[in-house]
Amino acid sequence: MRQRMSDSEHISRKSGQQQRDAKISDSVKARRCAALAVMDVVANGKALELALAETEDYAGLEARDRAFARAIAATVFRRSGQIKAVLKPFVRKKPTARVQAVLQTAVAQIVFMDVPPHAAVSETVDVLKSVKTTQGFANFANAVLRKVVEEGKPLAAATPPKANIPGWIRGEWERTYGKIPMTKIAVQLIKDPGLDLTVTQKREDLAAATGGTPVGRQSLRLKSIGDVTALPEFEAGTWWAQDLAAAQPAQILMRQFSEVKNLRALDMCAAPGGKTLQLAAAGMEVTAVDKSGGRLKRLEENLARTKLSANVVQSDALEYEAEPFPAVLLDAPCSATGTFRRHPDVLHNRSPKSVADLVRLQDKLLPKAASLTAPGGVLVYAVCSLQPDEGLPRIAKFLDDMPDFRLIPISSLPGLDLPPDRFEGGVVRTLPSDMPKSGGLDGFFIAALRREA
Ligand SMILES: C[S@@+](CC[C@H](N)C(=O)[O-])C[C@H]1O[C@@H](n2cnc3c(N)ncnc32)[C@H](O)[C@@H]1O
């Protein structure tokens, strides 16, 4: 019969863990946070940032150790197939999910990160020893990881980057974009993505101050992400972080009008606000709707820092009512698989079912957006997804259901060097492998639609 633990037993168990934790260093705690977050992302579909924040030690760590934990976990997701290939010859019988996650974080450090191998091995062993349920695997892990130190790099090099993309996603991308483009997309996953800023002032000055390179119409590309708050003019608010591809939907919308100043615009799924900021910076009278209070708080902080304004509304967009707008942007909730360069976890916390659920929501949001578009007005639909179902079929269905809307064909994007087939069918598809010399792009699908007058 199962017996309840007595209070004193509970306290002594808890204090056992606390005693173990008191002895371990912050770098061991950071490694433990990384492994627990990896498990949480995979098992529970959580976003990596949230999974890390929810680990017990994360908030108490210094910024440097938090960044280390994040880098380890992100490397596990960037290199998942190669890491599994490295471990396979040395792990005959799979241990528990927790031990596997710990081993994966160790391989990430030994093979792919600039971490001294002896530190990665001994501190990983300490991670296992620090938890009662994994203590018994310490010797096993030590033996496996010594092998990884000797043989891991060639094993990883023999595994192609496309192995890092989960099978179901790889299948969809190969069928949609072709085998060779798929291979090029996979190469972007293992590269450091850098940081794009959308700049409202003369970008040459900021380029000189940051060493960034102007790209597209309004963007500046920096080599590495780092601490954005430490960049020049952060307080002045003359820029915000936004991928070059993510800057395109609002630019496409604005290009449909001869004058946008004081024009009413609705950003239907607006938070954290990159596109709202673009519209507001151009002088549009923006209403920014989003259902998430937490994300709207970030939007409001972004507006305050950039000294821009918008009418911010917390609402389910499906229930939002207002006088129709001449300009509507629907940056719909989506699988976000196109953002894997900066968020590699999106390839590991999505499933065919979660995409199908999002497609159903997109099919509801599009007609709602149509009802909020004034006659003669323009609706731009965008998703930062590479999954085919979230793109063209949504627009084809919408046009079938809404006879008073027409596609506004797009055949180029000013300042972007994209091959002509990215505009097939009059819509835009960016791939992470586009503009490879300047560092790639997020994967976006964008379509512009006009309502008859
Ligand atoms: C792709 S993100 C938007 C990114 C934003 N446009 C930007 O550029 O920063 C999608 C947003 O849709 C919001 N969302 C999801 N379902 C929604 C709904 N039913 N009504 C309103 N917003 C929703 C999410 O909270 C999320 O902020």
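You'll find the structure just up there.
Everything quoted here is computed from the prediction, not taken from an experiment.

Visitor: How should unusual backbone geometry be read in this particular structure?
Guide: Trans peptide bonds make up most of the peptide bonds, and negative phi angles are found at most residues other than glycine. The linkage connecting Ala 271 with the following residue, Pro 272, adopts the cis geometry, with an omega of 5 degrees. In this fold, Pro 272 is placed in the loop between β5 (264–267) and α13 (274–281). The residue Glu 233 is not glycine, and still its phi comes out positive at about 65 degrees. Mapped onto the secondary structure, Glu 233 falls in the loop between β3 (219–222) and β4 (239–241).

Visitor: Teacher, can you tell me more about the sheet that holds β4 here?
Guide: Sheet strands line up and pair through hydrogen bonds in the backbone, either parallel or antiparallel. Pairing is antiparallel across the open sheet formed by four strands, whose spatial order is β2-β3-β1-β4. Every other strand in the sheet has two partners, leaving β2 (213–215) and β4 as the edge strands with one partner each. Strand-to-strand twist across the sheet, computed as the mean angle between neighbouring axes with direction ignored, equals 35 degrees. In terms of strand pairing, β2 meets β3 through three bridges, oriented antiparallel. Residue pairing across strands places Pro 214 opposite Leu 220, the latter belonging to β3.

Visitor: So what exactly am I meant to see when it comes to the packing of aromatic side chains here?
Guide: Given two aromatic rings, one states the distance between the centres and the angle between the planes to describe the pair. Taken as a whole and assessed by the stated rule, the structure comprises five aromatic pairs. On the basis of an interplanar angle of 55 degrees and a centroid distance of 5.9 Å, the ring pair of Phe 234 and Trp 239 is categorised as tilted. Residue Phe 234 is classed as buried on the basis of its relative accessible area, which comes to 18%. For Trp 239, a relative accessible area of 1% corresponds to the buried category. The lysine or arginine in question, Arg 264, covers the ring of Phe 325, its NZ or CZ lying 4.1 Å from the ring centre. Sitting above the plane of the Trp 239 ring, Arg 305 keeps its charged end 4.9 Å from the centroid.

Visitor: Explain the packing of helix α6 (residues 97–112) against helix α8 (residues 138–157) to me, please; I cannot follow it from the model alone.
Guide: At a minimum axis distance of 9 Å, the contact between α6 and α8 shows a crossing angle of 45 degrees. Comparing the axis directions of α6 and α8 gives the class oblique. The two elements α6 and α8 cross, and the hand of that crossing is right-handed. Taking contact as the criterion, the partners of Val 99, Leu 103, Ala 106, Val 107, Ile 110, Val 111 and Phe 112 in α6 are, on α8, Phe 140, Ala 141, Leu 145, Val 148, Val 149, Gly 152, Lys 153 and Ala 156. For the contact of α6 with α8, the class distribution of residues is 13 nonpolar, one polar and one charged.

About the cut-offs
- Residues numbered from 1 in each chain as written.
- Predicted model: local features only at pLDDT ≥ 70, side-chain atom pairs only at ≥ 80, totals over all residues.
- Heavy atoms only, no water.
- Helix = DSSP H or I, 4+ residues; strand = E, 2+ residues; numbered from the N terminus.
- Pairing = 2+ DSSP bridges.
- Axes fitted to C-alpha atoms, helices over the stretch in contact; angles between N-to-C directions.
- Phe/Tyr/Trp six-rings, centres within 6.5 Å; stacked < 30°, edge-to-face > 60°.
- Buried < 20%, exposed > 50% of the residue type's maximum accessible area, 1.4 Å probe, protein only.
- Lys NZ or Arg CZ within 6 Å of the ring centre and 35° of its normal.
- Parallel < 35°, antiparallel > 145°, perpendicular 65-115°, else oblique.
- Left-handed = near helix turned anticlockwise from the far one by under 90°.
- Contact = heavy atoms within 4.5 Å.
- Nonpolar A, V, L, I, M, F, W, Y, C, P; charged D, E, K, R; others polar.

Just distances and angles here, no functional claims.
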